[in-house]
Amino acid sequence: MRRTATVALVATTVFVLAGCASSAEPSPAQSDPALTGTVTVFAAASLTESFSEIEKQFEERNPGVDVVLNFGGSSTLAEQIVQGAPADVFGAANPQTMKTVVDASLATEQTIFVTNTLEIVVPAGNPGGVTGLADLARPELAIALCAQEVPCGAATEQAFAAAGFSAAPDTLEQDVKAVLTKVRLGEADAGIVYRTDVKAAGGDVVGIPFDEAADVVNDYPISTLTDAPNPRAARAFVEFVLSDAARSVFDEAGFGVPQ
Amino acid sequence: MAVLGLPLVALIVRAPWAQLPELLGRTETIAALLLSLGTSALATIVSVILGVPLAVVLARSASWPAIPRRLMRALVTVPLVLPPVVGGVALLLLLGRRGLIGEWLNAWWGVSIPFTTSAVMIAQVFVAMPFLVLAVEGALRSSDRRFEVVAATLGASRFTVFRRITLPLVAPAVAAGALLTFTRSLGEFGATITFAGSFPGVTQTLPIATYLELQRDPNAAIALSLLLMGVAVIVLVSLRDRWVPGVTA
């Protein structure tokens, strides 16, 4: 009697579960079978706003996945990956920082997904009266630039070299957002950041384009990492970043399309 | 013991000993070292000048009402428990060009503190002075007040009592506190990079240079770390038994 009841109970449970499973059809937007787990994405600081938006959209399409974003200077992130930080995806602000990771055999295929252009940034109201690149050599102004090893700093150096110009910076910051913050707070009279950062800071800052920026456009590569803890979801994330949905997010933010 | 000692052992074991002279001899490294030593020394002097009187006031505050006394003690201890970056942000909001005081400094005298070597020193004083104050205060509290009382009965003025009785009694604690202040200033990173920025020769101290080198040339970063560790060890060894604030030999 008891055994019959147990069998009946087990059978019922199995049928109920089978019924549930078959009714949970994956929605068309999901990849099949459903992705789960965490995707750790190390991304350049300049990707903060756009990747945060992409994270939201990706998580909507893949409810089982949690995207964890880690922003910072690309060179710092590259070094962390080389030192063994557990990451699935790396989005760098220039190919040289990605090369650090590739050289350590931690990334293989890389795709350029956006480009970014430099722009001079000044606090709202332009207290320093900055009109162009030449003003960045004025010693009485507080100028904030990215340090050379960071992609934004490397591009700035190249732009200066192209212009045959020598700036007089007062501080060399670790990532582009630090430069932006110094300008936003009014501590610096001018700095050089990306066009996307100027857009992201809204009314707190004003952007001043300069000609040489067109010659030093930064190509942003993205790659899944060889030691990724969650390779399937990592690949799906990179595919999403390369998709049209993400393209509109990047366009909105001010990024350029790779040639 | 292992938790504290093994990381240092790892540093020594993995150091690029053969390349050490070349790595440490670079101009930027020497510049960072001299800047660090210079600003830390100045910060220590400032801390002694400002901190010893503060410590005397604190130690003799037993007769004050409870709340002002506790508040003062808390204020002195706050920089010790505050994350350095938070200290840097706070300093920026006070002395930055749009800061509470900095705005007026800038408007009236055209003085701008961030991105200068003075900013480095101010950041160091902010984080390190509490060490000195607490060390001296501890010594004062435990010192025998009867000497001072006797000196007063013998006709010494308050200043003479302070100069010839109190100060010599706490001199070892001042020395110990000063050495701790110096070492803490040498290692200051978060407040410096937030408030003073980072520029070679002006504000790029040894810890900041080490952080930067980690992204460029990890071997150089290890060399710089060894250097910093070496300086710290030398300073602390010379303290011998007296390096816990408030505890005298």
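Residues numbered from 1 in each chain as written. Chains lettered and ligands numbered in written order. Predicted model: local features only at pLDDT ≥ 70, side-chain atom pairs only at ≥ 80, totals over all residues.

### Observations concerning the domain arrangement of chain A
Residue and element names in this part refer to chain A.
Here is step 1 of the chain: Its domain assignment divides chain A into domain 1 (38–115 + 219–253) and domain 2 (118–216).
Here is step 2 of the chain: The C-alpha centroid of domain 2 is placed 25 Å from the C-alpha centroid of domain 1.
Here is step 3 of the chain: With 15 residues of domain 1 at the contact, the number on the domain 2 side is 14 residues.
Here is step 4 of the chain: Mapped by element, the contributors of at least two residues to the side of domain 1 that touches domain 2 are α2 (48–61), α3 (74–82) and α4 (95–103).
Here is step 5 of the chain: For the side of domain 1 that touches domain 2, the element with the most residues is α3, which contributes three residues.
Here is step 6 of the chain: Classifying every residue of the side of domain 1 that touches domain 2 by side-chain character gives four nonpolar, 10 polar and one charged. (Domains from an automatic or database assignment. Contact = placed C-beta atoms within 7 Å. Helix = DSSP H or I, 4+ residues; strand = E, 2+ residues; numbered from the N terminus. Nonpolar A, V, L, I, M, F, W, Y, C, P; charged D, E, K, R; others polar.)

### Some points on the environment of B:L100
All names here are of chain B.
Here is step 1 of the chain: Tracing the backbone through its elements, the reader meets L100 in the loop between α5 (84–95) and α6 (102–109).
Here is step 2 of the chain: In this structure the C-alpha to C-alpha distance between L100 and W17, which are 83 residues apart in sequence, comes to 48 Å.
Here is step 3 of the chain: Once you skip the residues sitting within four places of it in the chain, L100 turns out to touch L93 and L94.

### A closer look at the sheet that holds strand β6 (residues 143–146) of chain A
All names here are of chain A.
Here is step 1 of the chain: Pairing in this open sheet of five strands is mixed, and the strands run β7-β6-β8-β5-β9 from one edge to the other. At either end of the open sheet lies a strand with only one pairing partner, and these are β7 (171–173) and β9 (205–208). In this sheet, adjacent strand axes meet at a mean angle of 35° when their direction is disregarded.
Here is step 2 of the chain: By the bridge criterion, four bridges tie strand β5 (residues 118–123) to β9 in an arrangement that is antiparallel. Counterpart to P123 in the pairing with β9 is V205.
Here is step 3 of the chain: Against the sheet, helix α5 (residues 151–163) makes contact with β5, β6, β7 and β8 (190–194), and its axis sits at roughly 110° relative to β6, the strand it touches most.
Here is step 4 of the chain: The strands touched by helix α6 (residues 176–184) within the sheet are β5, β6, β7, β8 and β9, with β8 carrying the most contacts at an inclination of about 140°. (Pairing = 2+ DSSP bridges. Axes fitted to C-alpha atoms, helices over the stretch in contact; angles between N-to-C directions.)

### Here we look at the pairing of strand β10 (residues 218–224) of chain A
All names here are of chain A.
Here is step 1 of the chain: In terms of burial, β10 is largely enclosed, as six of its seven residues are buried.
Here is step 2 of the chain: Relative to β10, strand β3 (residues 89–91) runs antiparallel, the two sharing three bridges. From the neighbouring strand, V89 faces β10, where its bridge partner is T224.
Here is step 3 of the chain: Direction of pairing for strand β4 (residues 111–116) relative to β10: antiparallel, over a ladder of five bridges. Directly across from T111, in β10, lies its bridge partner I222. (Buried ≥ 20, exposed ≤ 12 C-beta atoms within 10 Å, placed from the backbone.)

### Let's talk about the packing of helix α3 (residues 27–59) of chain B against helix α7 (residues 117–142) of chain B
All names here are of chain B.
Here is step 1 of the chain: Running from amino to carboxyl end, α3 crosses α7 at an angle of 40°, the nearest separation of the two axes being 6 Å. Considering the angle they form, α3 stands oblique to α7. Crossing angle aside, the handedness with which α3 passes α7 is right-handed.
Here is step 2 of the chain: Taken together, the residues that form the contact of α3 with α7 break down as 20 nonpolar, six polar and two charged. (Parallel < 35°, antiparallel > 145°, perpendicular 65-115°, else oblique. Left-handed = near helix turned anticlockwise from the far one by under 90°.)

### Concerning α3(A)
Here is step 1 of the chain: Burial analysis of α3(A) places seven of its nine residues in the buried class, which makes it a mostly covered element.
Here is step 2 of the chain: Listed as buried for α3(A) are A:S74, A:S75, A:T76, A:L77, A:A78, A:E79 and A:I81.
Here is step 3 of the chain: Packed against the buried residues of α3(A) are β1 (37–44), β2 (65–72), β3, α4 and α5 of chain A together with α11 (206–216) of chain B.
Here is step 4 of the chain: Remark: A:G84 follows α3(A) within two positions and exhibits a positive phi of approximately 110°.

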